[in-house]
Amino acid sequence: MARVLMTGFAPFGGESVNPSWQAVSRVAARRADVAAVELPCEFSTSLPALRAAIEEHRPSLVVCVGQAGGRAEVTPERVAVNLIDARIPDNAGEQPVDVPVVPGGPAAYFTTLPVKACVAAIREAGVPASVSHTAGTYVCNQVFYGLMHLLPEFPGVRGGFVHVPFSPEQVAASGKAAPSLSVDRIADALEALADTAVKTTEDLVVSAGAEH
Ligand code: PCA
């Protein structure tokens, strides 16, 4: 039985691949203790798919991963907000604006991953990383919020969300001037993150704050 469940997303926004799914499936191919599941980039189906994956794999750690095109680093997310405000339609053509992920739910949830220790471990593995304080208001934030809302049903299970940059192939295919990281390096980062999260329950007390 897999100890760690990693999810990635289907391609969206006109892309033909999503490095989050490419990287988590690569980690699962490398390691018997990691299961990878692809989530649809759809507001109506992503959270039922996440619940089904947790019920199937019964992990002790859940790491959901998504693409954040334009970011240059692997960024463990600290906080999920109870807000959907879609800039573009999802893969089902839905574009909800200013609706909660969970009606009546708390405004926000914090990750239960030790994000600072994870960032230190990812850097140690040679991959650029930093803590992020916003997962946006699109499907990734929805999945992150939904995960943190769901986890109390699974006592002892910790989890959180990580955004990753474009892959070099995506940047080359579109000609956009955006930073990128190879799928192998993203996979290295996710392995370091999972290993650290499994063994670290108290996060490092170091500054990772931001003024903006
Ligand atoms: N990134 C999007 C949704 C799916 C993905 O990989 C986001 O950041 O919301």
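For the structure, see preceding data.
So, here's what we can say about the structure. (Residues numbered from 1 in each chain as written. Predicted model: local features only at pLDDT ≥ 70, side-chain atom pairs only at ≥ 80, totals over all residues. Heavy atoms only, no water.)

**Some points on the side chain of Ser132**
Next up, step 1: Within the element layout of this structure, Ser132 appears in the loop between helix 3 (115–124) and helix 4 (139–150).
Next up, step 2: Non-local contacts of Ser132, meaning those with residues more than four positions away in its chain, are made with Arg71, Thr75, Pro76, Glu77 and Arg78. (Helix = DSSP H or I, 4+ residues; strand = E, 2+ residues; numbered from the N terminus. Contact = heavy atoms within 4.5 Å.)

**Quick notes on the sheet that holds strand 9 (residues 158–164)**
Sheet strands associate in pairs through backbone hydrogen bonding, adopting either a parallel or an antiparallel arrangement.
Next up, step 1: One open sheet holds the five strands; their spatial order is 2-1-3-9-4, and the pairing between them is mixed. The sheet terminates laterally at strand 2 (34–39) and strand 4 (75–76), the two strands that pair on one side only.
Next up, step 2: With respect to the sheet, helix 1 (residues 19–30) is in contact with strand 1 (4–9), strand 2, strand 3 (61–67) and strand 9, its orientation differing from that of strand 2 by roughly 155°.
Next up, step 3: Strands strand 1, strand 2 and strand 3 of the sheet are contacted by helix 2 (residues 46–57), whose axis makes an angle of about 160° with strand 2. (Pairing = 2+ DSSP bridges. Axes fitted to C-alpha atoms, helices over the stretch in contact; angles between N-to-C directions.)

**Remarks on the site of the ligand**
Next up, step 1: What surrounds the ligand is the set Phe9, Phe12, Asn18, Cys41, Gly66, Gln67, Tyr138, Val139, Cys140 and His163.
Next up, step 2: With respect to the ligand, the side chain of Asn18 contributes an N or O atom lying 2.9 Å from an oxygen atom.
Next up, step 3: The side chain of His163 places a nitrogen or oxygen atom 2.8 Å from an oxygen atom of the ligand.
Next up, step 4: The fraction of the free accessible surface of the ligand (270 Å²) that becomes covered by protein chains is 94%.
Next up, step 5: Comparing atom positions with the cavity grids shows the ligand to sit within the largest pocket.
Next up, step 6: Elements with a minimum of two residues in the shell around the ligand: strand 3 and helix 4.
Next up, step 7: Class assignment for the residues of the shell around the ligand results in six nonpolar, four polar and no charged. (Near = heavy atom within 4 Å. Polar contact = N/O pair within 3.5 Å; in protein donor to acceptor, adjacent residues only side chain to side chain. Areas by Shrake-Rupley, 256 points an atom, 1.4 Å probe, with all protein chains shown as cover. 1 Å grid on protein atoms, 1.4 Å probe; cavity = no way out; pocket = protein on both sides within 12 Å on 5 of 7 lines; lining within 4 Å. Sits in = over half its atoms within 2 Å of the grid points. Nonpolar A, V, L, I, M, F, W, Y, C, P; charged D, E, K, R; others polar.)

**Considerations on helix 1**
Next up, step 1: Taking 1.5 Å of rise per residue, 12 residues should cover 16 Å, and helix 1 covers 16 Å from first to last C-alpha, within 8% of that figure.
Next up, step 2: Among all positions in helix 1, only Pro19, Ser20, Ala23, Val24 and Val27 are buried. Considered in projection along helix 1, the buried side chains sweep an arc of 125° and stay on one side of the axis.
Next up, step 3: Buried residues in helix 1 make contact with strand 1, strand 2, strand 3, strand 9, helix 5 (168–174) and helix 6 (183–199). (Expected span 1.5 Å × (residues − 1). Buried < 20%, exposed > 50% of the residue type's maximum accessible area, 1.4 Å probe, protein only. Arc of directions from axis to C-beta.)

**Focus on the packing of aromatic side chains**
Next up, step 1: What the rule picks out here adds up to four aromatic pairs.
Next up, step 2: Measuring from ring centre to ring centre gives 5.5 Å for Phe43 and Tyr138, while their planes differ by 85°; the resulting arrangement is edge-to-face. A residue pair is termed long-range when its members are at least 10 positions apart, and Phe43 in the loop between strand 2 and helix 2 and Tyr138 in the loop between helix 3 and helix 4 qualify at 95 residues.
Next up, step 3: Its relative accessible area of 9% is what places Phe43 among the buried residues.
Next up, step 4: The ring of Phe166 has Lys176 sitting right over it, with the charged end atom 4.5 Å from the ring centre. (Phe/Tyr/Trp six-rings, centres within 6.5 Å; stacked < 30°, edge-to-face > 60°. Lys NZ or Arg CZ within 6 Å of the ring centre and 35° of its normal.)

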